[in-house]
Each structure stands twice: as structure tokens, then as C-alpha cells.
Amino acid sequence: NTALRGIFRFYELMAPVLEEDDIVYLGEGNTPIVEANDHLATKTGIRFAFKNDGQNPSASFKDRGMACAFAYLKALVRKNGWDEVLTVCASTGDTSAAAALYASHIGSPLKSVVLLPHGKVTPQQLSQPLGSGATVLEIPGVFDDCMKVVENLAENYRVALLNSKNSWRILGQESYAFEVAQWCDWDLKGKCVFVPVGNAGNITAVMSGFLKLHRLGIISDLPRVFGVQSHHADPVYQYYSVEDPAKREYKPVAVTPSVAQAAMIGNPVSFPRVKHFAEQFEAIGGKGSFQVLQVTEQMIMDSMIEANMNGHIACTQGGECYAGLKRAKELGLIAEDEFAILDATAHALKFSGFQDMYFSNSFPAEFGVTPDTSLANAPQLVI
Ligand code: F0G
């Protein structure tokens, strides 16, 4: 069956009510898991691999969710006979790229509108929705300001909201967990999964996916899930850093510029779902099966550069995961015989500007990043 490729290999698990004709396949899913070389594994003291979700069609993991959301949307449009539907999303740059790509493939009656925080997406990310023919609105402020506008639109108008509040997105993104589980031969004992956390849709989907496999008896152990946040945007970390669950209190934070710019979010909309799934995870996997780590901007950049100088194609958020692994090791949270799978959520090329700033030592002061000269001296641009 040609429709059931990529993430739709797991059709029965995530989208059984869909009709196959509504499935939109642009090559999403089935992304490679690339193991770290001996140098990195020895240096880190843990064996690990990156799952390269930057090898999805719009170069980030968002395509998993969009493929599923657009399939459901096609079904809705067909059933209701709508002649025009605006799809809207707020974005730090990757949701918008994916939304615009799928909308452009389906075409009429869908029209894509994306809202981006002005100056806070990379040039490559900005060019993606424009290239797919979407209407791009740049808003002064940060992602959270864009999110308020689209939530307001969705409450008052008939628009299709494509942020991860949309549960079809989460269903599609569960495929990440299914693919990891399959790669591990359905044996997740001793496996740790590291996920960067922004609006918290990804970690929600990853936990939900593993829980689904467990409920169905497909896996007997859950992996351990580690969320990772930069100290410049860490509301989920702040919440879980309070040891006693009864004393935890959720507060949005004011974000400051982060190299993990795609995850620079102070008030993640999926936070309630993280809480829900984290409780379920801990009920089955016990204490330590779900944790959130905080890393510095410096650690994120050093980790991204180090990974990519050893054969990977990690974005800054992938670097964030690797920094999280090192932090987990430092804190004694992970044992040497465990194996970590790090989510390289987007392609390195979307974030090459940060890499250029590293090599030219030109980070604006607010990031607080100075290059590690043992890493940064190596590449030379000779003209
Ligand atoms: N990594 C990348 C490359 C992202 O684009 C995002 C989120 C995240 C990690 C964090 O994932 O939000 O599910 O917790 N990007 C969204 C966007 C917010 O608009 O592109 P999350």
C-alpha cells in the first residue's frame, strides 16, 4: 500500500479513523539514528546516538505532526464542503515551515498564514514559508505573543490551528517514539531519550507514544525520558526542579535570547499535558523515569559544535539534548551501561548562523557564549 509509508507505517496506532485517500505523504518519518563515534562516546562516558529528525521534508520533526494534522484537515474539509480554510500557526520557525509546506502541497481550499516573532527566526526558517507561498506575518515580541494572537483567532473565527494544541499534531509526532522503539527492537530497558522542550508538544507526543506502546503490550519497559531546557527559557525545568510535588507551582518565565531559539518559549501551551503524561510515566517507570534538565547557552553551543565536528548534523536544539546528556552524567542521573537517543529536532543548516558566530567569536553579549578555542580553532575559511 503506497499511502502507508513513513510515519503512516504506524497508521493503526495513530490515525485509524482516517481514510487512506486523505493521507498526505511528503516523505516524513523513518529518519536515521546515527551512533556517536568512539571519541564522543568515550569523552561523554555514555554510548549515544542522534535521531536526525532534520532529515524530514521541511528539515524538522514538525513534519510528523503536520502530515497527520493535514490528513485530518483534508477529511474535515471534504465532509463539510468548505471552499476556503485558513490554516494558522504561531512559530519559532519550524512549525511554520512545515505548515506552509503541507498546505502548499494540498492547495485549494487551504491557505497558509503563519505568525513569527520578528527577528527571532533564522533567515533559512523565514525563507521556508515564503518559498511555499504562505502569508507571513511578523509580530513584535516573542513566540508567546504570536501564540496569543493565534489562540484568539482560533476562538473567534473558523481557522485551522496548527500548533501542538491540535491533538492531530501530537498523534503524528508519536511516530518518533514508535521509530525509536522499533530501532531498539522493542526493548527499551536501559534506554534514555533526550528531548529539547519549548512549547512542550514534542515531549508530550514522545511520552504519549511510549505509553501507548506499553499499554498495548508492545513494549514491556518504558525508556527514561529527559526534557532539556536552556537557562534562558526554562519554565518546565523550574516547575520540576522543586523536589516535593505538593510544593510545585507553574509560572511562565520571561525568556531571554537563546541559541536554542526554536525552543525559546516562556509559557508552553502543552505544559498541562506534560504534567499528565509525566505522572503516568512515573506511575509505571518509577521515580527518575521522567526528568527535566537545565543547561547553559555555552553548553548548548559547545555541544552542537562538538557533535557536528564528529559527523553529526545537529541543530542548536540537538546540541541542547547533547548538553543535557552531559549534564545528566555530571549529576549522576545516568549510568554508563545506559544508552541515550538524542533528538536532533531540525537540520543544522537552519541554524548555521549560530555556528558562524561561534567560529567568528561574535555572539552578542546577551547569549553569554564564548567559543571553546580547542573546538573553534579548527575550521578555517581560507580565501
Ligand atoms: N526543536 C526545534 C527544532 C523546534 O522547532 C522546536 C519547536 C523544539 C525543538 C521544541 O519543541 O515546542 O514541541 O517543545 N518549535 C516550535 C515552532 C515552537 O514554532 O517551530 P516543542
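The rules behind the values
Residues numbered from 1 in each chain as written. Predicted model: local features only at pLDDT ≥ 70, side-chain atom pairs only at ≥ 80, totals over all residues. Heavy atoms only, no water. Pairing = 2+ DSSP bridges. Helix = DSSP H or I, 4+ residues; strand = E, 2+ residues; numbered from the N terminus. Axes fitted to C-alpha atoms, helices over the stretch in contact; angles between N-to-C directions. Near = heavy atom within 4 Å. Polar contact = N/O pair within 3.5 Å; in protein donor to acceptor, adjacent residues only side chain to side chain. Areas by Shrake-Rupley, 256 points an atom, 1.4 Å probe, with all protein chains shown as cover. Nonpolar A, V, L, I, M, F, W, Y, C, P; charged D, E, K, R; others polar. Domains from an automatic or database assignment. Contact = heavy atoms within 4.5 Å. Buried area = accessible area lost by both parts, 1.4 Å probe. Salt bridge = Lys/Arg side-chain N within 4 Å of Asp/Glu carboxyl O. Parallel < 35°, antiparallel > 145°, perpendicular 65-115°, else oblique. Left-handed = near helix turned anticlockwise from the far one by under 90°. Buried < 20%, exposed > 50% of the residue type's maximum accessible area, 1.4 Å probe, protein only. Core = buried A, V, L, I, M, F, W, Y, C linked by side-chain atoms within 4.5 Å. Patch = residues over 30% accessible without salt bridge, like charges linked within 9 Å, V, L, I, M, F, W, Y side chains within 5 Å.

## What about the sheet that holds strand β1 (residues 33–35)?
Piece 1. Across the sheet, which stays open at both edges, the six strands sit in the order β1-β2-β10-β7-β8-β9 with mixed pairing between neighbours. Every interior strand has two partners, whereas the edge strands, β1 and β9 (290–295), have only one. Strand-to-strand twist in this sheet, taken as the mean axis angle between neighbours without regard to direction, amounts to 25 degrees.
Piece 2. Pairing of strand β7 (residues 191–196) with strand β10 (residues 339–344) involves four bridges; the strand directions are parallel. In the strand pairing of β10, Val 193 is matched with Ile 341.

## Things to note about the site of the ligand
Piece 1. Taken together, 20 residues surround the ligand, and among them Thr 92, Asp 94, Thr 95, Asn 199 and Thr 345 come closest.
Piece 2. Between Lys 62 and the ligand, the recorded distance is 3.0 Å, taken from a side-chain N or O atom to a nitrogen atom.
Piece 3. Protein chains shield 99% of the accessible area of the ligand, which is 470 Å² for the free molecule.
Piece 4. Contributing elements (two or more residues each) for the shell around the ligand: α4 (94–106) and α9 (201–215).
Piece 5. Looking at side-chain class alone, the shell around the ligand contains eight nonpolar, 10 polar and two charged residues.
Piece 6. Two domains each donate at least three residues to the shell around the ligand, and these are domain 1 (7–59 + 169–373) and domain 2 (62–166).

## Regarding the domain arrangement of the protein
Piece 1. Each assigned domain of the protein is listed with its residue range as follows: domain 1 (7–59 + 169–373) and domain 2 (62–166).
Piece 2. With 48 residues of domain 1 in contact, the opposing surface of domain 2 contributes 40 residues.
Piece 3. Summing both partners gives a buried area of about 3,300 Å² for domain 1 against domain 2, and 55% of it is carried by carbon and sulfur.
Piece 4. Viewed at the interface, domain 2 and domain 1 are joined by four salt bridges.
Piece 5. Across the pair Arg 78 and Asp 22 runs a salt bridge, and its minimum N-O distance is 2.4 Å.
Piece 6. Those elements that provide at least two residues to the side of domain 1 that touches domain 2 are α7 (167–173), α8 (175–183) and α14 (352–359).

## Concerning the packing of helix α3 (residues 62–80) against α4
The relative placement of two packed helices is expressed as an angle between their axes plus a distance between the axes.
Piece 1. At a minimum axis separation of 9 Å, α3 and α4 run at an interaxial angle of 40 degrees. By the angle between their directions, the pair α3 and α4 is classed as oblique. In this structure, α3 crosses over α4, and the sense of that crossing is right-handed. Within the contact between the two elements, α3 uses Lys 62, Asp 63, Met 66, Ala 67, Phe 70 and Lys 74 and α4 uses Asp 94, Thr 95, Ala 98, Ala 99, Tyr 102, Ala 103 and Ile 106.
Piece 2. Among the residues forming the contact of α3 with α4, the class breakdown is eight nonpolar, one polar and four charged.

## Remarks on the environment of Asp 372
Piece 1. Along the chain, Asp 372 falls in the loop between α14 and α15 (373–376).
Piece 2. For Asp 372, a relative accessible area of 29% corresponds to the partly exposed category.
Piece 3. Expressed as a C-alpha distance, the spacing of Asp 372 and Asn 56, which sit 316 residues apart in the sequence, is 31 Å.
Piece 4. Residues within four places of Asp 372 in sequence aside, it is in contact with Asp 302 and Tyr 358.

## Digging into the nonpolar core
Piece 1. Counting 38 residues, the largest nonpolar core has Phe 48, Phe 194, Met 301, Leu 325 and Leu 342 as the members making the most contacts within it.
Piece 2. Counting residues per element, the ones that place at least two in this core are β2 (47–52), β7, β8 (224–230), β9, α12 (297–308), α13 (316–330), β10 and α14.
Piece 3. Beyond its immediate chain neighbours, meaning those up to four positions away, Leu 342 contacts Phe 48, Ala 49, Phe 50, Lys 51, Tyr 176, Phe 194, Cys 321, Tyr 322 and Leu 325.
Piece 4. Counting 36 residues, the second-largest nonpolar core is a separate cluster that includes Phe 178, Phe 210, Leu 211 and Phe 339.

## Focus on a nonpolar patch on the surface
Piece 1. Taken together, the side chains of Trp 186, Leu 216 and Ile 218 define a hydrophobic patch exposed on the protein surface, amounting to about 270 Å² of accessible area.
Piece 2. Looking at the element boundaries, Ile 218 is found in the loop between α9 and β8.

## Looking at the sheet that holds strand β3 (residues 85–90)
For sheets, the rule is that strands pair by backbone hydrogen bonds, running either parallel or antiparallel.
Piece 1. Read across the sheet, four strands follow the order β5-β4-β3-β6 without closing on themselves; strand pairing throughout is parallel. Of all strands in the sheet, those with a lone pairing partner are β5 (135–139) and β6 (159–161), marking the two edges. The mean inter-strand angle of the sheet, taken between neighbouring strand axes irrespective of direction, is 25 degrees.
Piece 2. One ladder, built from three bridges, connects β3 with β6; its direction is parallel. Looking at β6, one finds that Thr 87 is bridged to Ala 160.
Piece 3. The sheet contacts of α4 involve β3 and β4 (110–117), and relative to β4 the element is tilted by about 170 degrees.
Piece 4. Along the sheet face, helix α6 (residues 143–156) touches β3, β4, β5 and β6 and points at about 150 degrees away from the line of β3.

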